[in-house]
Amino acid sequence: MFMKRIAGLGLALAFSVTAASAQVTMIMSNDNNDRGLKGQTFEFLVAELEERLGDRIDVQMHHGGTLFDQQSQIQGLQLGGAHLISPTAGIYSSVQPNVAALQLPFMLNTPERIQEAVADPVIREAIMPALNNQNIEIVAVWMNGPRVLGYQGDDPILMPEDAEGLKVRVQSAPIFVETWEAVGANPVGINWSEAPTALQQGVIDAGEVTPNSWRGSSTYQFVDHISMTDHQYSFYLVGANRQWWQGLDDDVRTEIEAALASATAWNMENAVRINAEAYEFIEGEGVQVHALSDDQRAAWVEAMQPVWHELGTELVGEEVMSRLREIAGVQ
């Protein structure tokens, strides 16, 4: 009887160890707050994962750059400190410069065009293999919104020459730096979480993020104007640690892919609404929001056009640029 009990206990312990080992730990790092569009999309994904996988997954969600910030998250993903991140596409240029072509100013300016470009075989071949070789697997594309210019001062900035000498906070990636250098501004690469203090201390005069980012971070409180330049449509390449991703059981990966698809659909459906609501809220708080006329927008397009060659054609070649122009409907 005693031996039977020991044998039974052994089987129970073995089952417990097997069940515990079957649980997947999934660490997700969000370099932004949990209130903006990206933060809400991450929270939707968490709920989907837990509903689909239950006790089979342990989701650990870190918002606000508390695990990895904008600059450290790529390395954190590569080394396995996080299993899923969602940076703005240009951030990946630290390991794959060609990704800059996806965020050329005034090129891919709608969610549909961005999705089409990322799925295009010619464009993918120019970008994705290098990311795979860096232990990064792109598993989804999430939208953020049009990047707009928020700034301090008495007068609105409506023409590119109005931005000359302006100290603009940008993400530390060539596509953002060179876009603003093209109009004579002085781009300053700092994390978005540092922008409120930098604005208060005069380190920067302005920032260029999406309406929902201005609202979600409350940084709108430190600017007087927002000009709807819409110079880039900001989006996120959701990256997984490739070794972790490929090591998942097939059925678990299938459920994670389904959860990502649901979160991506929610993101696409709500991006326009959330950014429109952000504009309405910010104007209600006293910030002046300025739409550009067709002539004003044309001047910005012309001023930023040289970036197409420097971070487009020179990096990815004419064939890829031709596909980008076709998808964007531009010459």
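To be clear, the structure that these remarks concern was listed above.
Residues numbered from 1 in each chain as written. Predicted model: local features only at pLDDT ≥ 70, side-chain atom pairs only at ≥ 80, totals over all residues. Heavy atoms only, no water.

Colleague: Quick rundown of helix α2 (residues 37-53)? Include the residues and the values.
Modeller: With 17 residues, α2 ought to run about 24 Å at 1.5 Å a step, and its terminal C-alpha atoms sit 24 Å apart, in line with that. Considered for burial, the residues of α2 that qualify are Leu37, Lys38, Gly39, Thr41, Phe42, Leu45, Val46, Glu48, Leu49 and Leu53. Gly54 lies just past α2 and shows a positive phi near 55°. (Helix = DSSP H or I, 4+ residues; strand = E, 2+ residues; numbered from the N terminus. Expected span 1.5 Å × (residues − 1). Buried < 20%, exposed > 50% of the residue type's maximum accessible area, 1.4 Å probe, protein only.)

Colleague: Just give me the short version of the pairing of strand β8 (residues 206-209), but keep the residues and values in it.
Modeller: The side-chain alternation of β8 yields two buried faces, one formed by Ala206 and Glu208 and the other by Gly207 and Val209. Pairing analysis gives 4 bridges linking strand β5 (residues 148-151) to β8, with the strands arranged antiparallel. The residue of β8 that forms the bridge with Gly150 is Gly207. As judged from the 2 bridges shared by strand β6 (residues 167-170) and β8, these two strands associate in the parallel manner. In the strand pairing of β8, Arg169 is matched with Gly207. (Pairing = 2+ DSSP bridges.)

Colleague: So what's going on with the side chain of Ser234? Residues and values would help.
Modeller: In this fold, Ser234 is placed in strand β10 (residues 233-241). Here the side chain of Ser234 touches Arg147 through a polar contact of 3.1 Å, side chain to side chain. (Polar contact = N/O pair within 3.5 Å; in protein donor to acceptor, adjacent residues only side chain to side chain.)

Colleague: Could you give me a rundown of the pairing of β10, with the residues and numbers involved?
Modeller: Among the 9 residues of β10, 9 are classified as buried, and the element is accordingly described as predominantly covered. Side chains Tyr233, Phe235, Leu237, Gly239 and Asn241 project from β10 onto one buried face, and the interleaved Ser234, Tyr236, Val238 and Ala240 project onto a second face that is buried too. The pairing of strand β3 (residues 84-85) with β10 spans 2 bridges and is classified as antiparallel. Across the sheet, Leu84 pairs through a bridge with Ala240, a residue of β10. Sheet topology places strand β4 (residues 136-146) next to β10; 9 bridges connect them, and they run antiparallel. Considered in β10, the bridge of Gly145 is made with Ser234.

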